[in-house]
Every structure is written in C-alpha cells, then in structure tokens.
Amino acid sequence: MELNIVQQVAVYALPVVFAITLHEAAHGYVAKHFGDTTAYMLGRVSMNPLRHIDPIGTVLIPLLTLFLGGILFGWAKPVPVNFNYLRNPKKDMLWVALAGPGANLAMALGWAVVMKLANMMASNPFSLPMALMGMAGININVVLMVLNLLPLLPLDGGRIAVSLLPNRLAYRYSMMEPYGMILLVILLFSGVLGAIIGPLIHMTKSLILLLFGI
C-alpha cells in the first residue's frame, strides 16, 4: 500500500519516538544498575519521551530521511553516563551499551505482536492502521538496533568494542570518537551506510516476521 507523506508521518510518529527515546532510557537504567546514577539524578531514566526528545535528531532528521527515502535515521538526547562511576567501568560498559540495542530488539518484537494481532482481526476497521504501525515499529527498531551495533564510536557498537578490546587497543580505539559522527554522516549520505547495514536489516526483519508467522 502506497502512503503519502502525511500518512507516513502518522504511521511512523509513535514508533519512531518510542524507539529512539526508550533506547536512551535503557542506557540510563542499566547504568544505574551498575552504579552510575547520573542519568537517574537528571530524570533521564524515564519512560516519558518528552525527557529524551531532541528537536533535530528525534523530529527533523527522521522526517527528512522519511521524505527523501532510504534508511530512516535519527537520535534522541544522549543519556549522560559517567563510566568512572560504574563499579567495573570497562566490563560494565558492555552492558550499558548493549541496553539500547536490546531495548530496540524488545520493541521490534512487541510491534510484531501488534502486527500479528492486526492480521488476526482483518475485518476490524483498526486492523490496517495497526498493521501499518506494527510494520513501522519493526522497521525503525531493527534499523536502530543494527545501526547502533556498528563498531564505530560513539555508537553502542563502538562502546562494546572498547569494552572487549585489550586495554592498550581500547585506548587507541577510543581516540577515534571525536570523528565518529562525522564519518557516520558521510557514510549515510554517500549511500555506503545503507550498503553495509541494509542486508543485516533485511535479514533481521525477515527472521522476526518468520518467528511470528507474519
């Protein structure tokens, strides 16, 4: 079904906001669990999307990429994590970093349930909007999960790499962080990013749809 831009915004609005903001809240929650209360003290360990929305990253950029086509892209206000406050900074960093993609995986599965229910009540007038929103939720969460697992700082995959690498290599790798976002934007608009993560996104979505028989 071909949707115009207004319909696409209506379908994607809720999944995008929750995919991006709950990703960040998950980082704060796990950081608190391992000893860093920075995000908690600032009220960022919250399910309220308004605490995490970045006007550019959560609204403008997703709308722009949705309008232009290609990979839906965006971000929320990063949750502050002081790794020095973690009980075992290098080890615990792994779990704090994994929390965001893990939240996206959980949400993708949740939206798959919504889509499955919509398919089971096909005669209901709400079934089509539910199915479209469910598919949108799967799409955005799978994209964010795969994107954030790229081993590129400051993405979560970069944090995971720093946590797993030997100390000397981890230190050298961490020196790349100031250039990471610049490189990511170049990869995005050059089309290289899509070529890298596109097959992984397709495979992950296919597995989820197969799991739920959609």
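Residues numbered from 1 in each chain as written. Predicted model: local features only at pLDDT ≥ 70, side-chain atom pairs only at ≥ 80, totals over all residues. Heavy atoms only, no water.

(A) Here's a closer look at the overall build of the chain. Along the backbone of the chain there are 9 helices and 0 strands. Along the chain, helices and strands appear, N-terminal first, in the series α-α-α-α-α-α-α-α-α. Against the compact-globule benchmark of 17 Å for 214 residues, the chain has a radius of gyration of 18 Å, which places it among compact chains. Every one of the 214 residues in the chain was classed for burial, and the buried ones make up 43%. Restricting to contacts in the chain with at least 6 residues of sequence separation, those with at least 24 account for 71%. In the form shown here, the chain has an accessible surface area of approximately 11,500 Å², with 71% of it arising from carbon and sulfur atoms. Averaged over its 12 positive side-chain charges, the chain has a centre that lies 7 Å from the centre of its 7 negative ones. (Helix = DSSP H or I, 4+ residues; strand = E, 2+ residues; numbered from the N terminus. Rg over C-alpha atoms; globule rule 2.2 N^0.38 Å. Buried < 20%, exposed > 50% of the residue type's maximum accessible area, 1.4 Å probe, protein only. Contact = heavy atoms within 4.5 Å. Areas by Shrake-Rupley, 256 points an atom, 1.4 Å probe, with all protein chains shown as cover. Lys, Arg positive; Asp, Glu negative; His and termini not counted. Charge placed at Lys NZ, Arg CZ, Asp CG, Glu CD.)

(B) Summary view of the packing of helix 4 (residues 89-120) against helix 5 (residues 127-148). Contact geometry for helix 4 and helix 5: axes closest at 8 Å, N-to-C directions at 160°. Accordingly, the angle class assigned to the pair helix 4 and helix 5 is roughly antiparallel. Once helix 4 is placed against helix 5, the crossing between them reads as left-handed. For the contact of helix 4 with helix 5, the per-class residue count stands at 18 nonpolar, 7 polar and no charged. (Axes fitted to C-alpha atoms, helices over the stretch in contact; angles between N-to-C directions. Parallel < 35°, antiparallel > 145°, perpendicular 65-115°, else oblique. Left-handed = near helix turned anticlockwise from the far one by under 90°. Nonpolar A, V, L, I, M, F, W, Y, C, P; charged D, E, K, R; others polar.)

(C) Looking closely at the nonpolar core. In terms of nonpolar packing, the biggest core is built from 32 residues, with I138, V142, L193 and I197 touching the most fellow members. Counting only elements with at least two residues in this core, the list comes to helix 1 (5-33), helix 4, helix 5, helix 8 (177-190) and helix 9 (192-211). With 8 residues, the top contributor of residues to this core is helix 4. I20, A76, A136 and I140 belong to the second largest nonpolar core, which has 10 residues in total. (Core = buried A, V, L, I, M, F, W, Y, C linked by side-chain atoms within 4.5 Å.)

(D) Local environment of unusual backbone geometry. Geometrically, the link from L153 to P154 is a cis peptide bond, its omega value of 10° lying close to zero. Examined against the element boundaries, P154 turns out to sit in the loop between helix 5 and helix 6 (156-164).

(E) Broad picture of a nonpolar patch on the surface. The grouping of I5, V6, V9, V59, L63, L64, F67 and L68 at the surface amounts to a nonpolar patch, some 710 Å² of accessible area in total. Those elements that place two or more of their residues in the nonpolar patch are helix 1 and helix 3 (55-68). Of all the elements, helix 3 adds the most residues to the nonpolar patch, at 5 residues. Examined against the element boundaries, F67 turns out to sit in helix 3. F67 sits in the exposed class, given a relative accessible area of 59%. (Patch = residues over 30% accessible without salt bridge, like charges linked within 9 Å, V, L, I, M, F, W, Y side chains within 5 Å. Salt bridge = Lys/Arg side-chain N within 4 Å of Asp/Glu carboxyl O.)

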